[in-house]
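Remarks on the overall topology
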Amino acid sequence: DIQMTQSPASLSASLGETVSIECLASEDISNDLAWYQQKSGKSPQLLIYDTSRLQDGVPSRFSGSGSGTRYSLTISGMQPEDEADYFCQQTYKYPLTFGSGTKLEIK
Amino acid sequence: EVQLVESGGGLVQPGRSLKLSCVASGFTFSNYYMAWVRQAPKKGLEWVAIISTSGTTTYYPDSVRGRFTISRDNARNSLYLQMNSLKPEDTATYYCIRELGFRLSFAYWGQGTLVTVSS
């Protein structure tokens, strides 16, 4: 199975700050990487797929990058509504696996 | 608007069975892979099962293979998860999911249904 190591486990950011979350895959996943946002008490929502493609309706301050085994999600200009848990997921092969999550809070 | 509405969760004793259902609307159900993902209380996400558009192909992780069965009824726009031999570690909120389209990314999520396995 492909292990997804996500970091940091938690972080706090000021409004307007740029933040990044990393995911390291245990093997090359060929850009088959998605990111999800889960707000408190809500279902997760797809933010980014195929490493860098924004899902419809997702603000442009969200971006994704990476290749091989290393991937990142960047929020350019933290907003109050971005406070949430974030998860990465490899879609390269079965079993589909998620990172352990990052809790993002406002400082 | 895509809508996924799960039902069937509840409290069940270890070793017993439970069947979850999900009714879909707002898209052509038969055109998309469908999946189940679960989330234990205060924990991360775990993919549980996925089924092809026709229902002929299914995949599971080792943690549920042989105990859980995913199925679909395209005529009824419905997805199911039959869970047998339930264990306390199966306690979680179960989400019904529509994949993005040929990508295995999970584009739409239901509100979830809570399954509690306890004596």
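These figures come from a predicted structure and were not determined experimentally.

Regarding the interface of chain A and chain B
Counting residues at the interface gives 18 residues for chain A, matched by 21 residues for chain B. Summed over both sides, the interface between chain A and chain B buries roughly 1,700 Å², with carbon and sulfur atoms accounting for 62% of that surface. Contact with chain B buries area across many residues of chain A, yet A:Tyr94, A:Leu96 and A:Phe98 alone supply 33% of it, more than any other trio. Remark: the boundary between chain A and chain B carries 1 salt bridge. For B:Arg103, the salt bridge is made with A:Asp50, and the minimal N-O distance between the two is 2.5 Å. Seen at the junction of chain A and chain B, the total is 5 residue pairs in polar contact (both at pLDDT 80 or more).

Some words on the packing of aromatic side chains
The full count for this structure, using the stated rule, is 10 aromatic pairs over all chains. Aromatic pair A:Tyr94 and B:Tyr59: ring centres 3.9 Å apart, planes at 15°, arrangement stacked. Taken together, the residues span two chains, with A:Tyr94 in the loop between strand E9 (84-90) and strand E10 (97-98) and B:Tyr59 in strand E6 (residues 58-59). Its relative accessible area of 27% is what places A:Tyr94 among the partly exposed residues.

Details of the sheet that holds strand E3 (residues 18-25) of chain B
All names here are of chain B. Read across the sheet, 4 strands follow the order E1-E3-E8-E7 without closing on themselves; strand pairing throughout is antiparallel. Strand pairing shows two members of the sheet lacking a second neighbour, strand E1 (3-7) and strand E7 (68-73), which therefore form its edges. The average undirected angle you get between the axes of adjacent strands in this sheet is 15°. Sheet topology note: the E1/E3 ladder contains 5 bridges and is antiparallel.

Rules behind the numbers
Residues numbered from 1 in each chain as written. Chains lettered and ligands numbered in written order. Predicted model: local features only at pLDDT ≥ 70, side-chain atom pairs only at ≥ 80, totals over all residues. Heavy atoms only, no water. Contact = heavy atoms within 4.5 Å. Buried area = accessible area lost by both parts, 1.4 Å probe. Salt bridge = Lys/Arg side-chain N within 4 Å of Asp/Glu carboxyl O. Polar contact = N/O pair within 3.5 Å; in protein donor to acceptor, adjacent residues only side chain to side chain. Phe/Tyr/Trp six-rings, centres within 6.5 Å; stacked < 30°, edge-to-face > 60°. Helix = DSSP H or I, 4+ residues; strand = E, 2+ residues; numbered from the N terminus. Buried < 20%, exposed > 50% of the residue type's maximum accessible area, 1.4 Å probe, protein only. Pairing = 2+ DSSP bridges. Axes fitted to C-alpha atoms, helices over the stretch in contact; angles between N-to-C directions.

In short, shape yes, function no, at least from these values alone.
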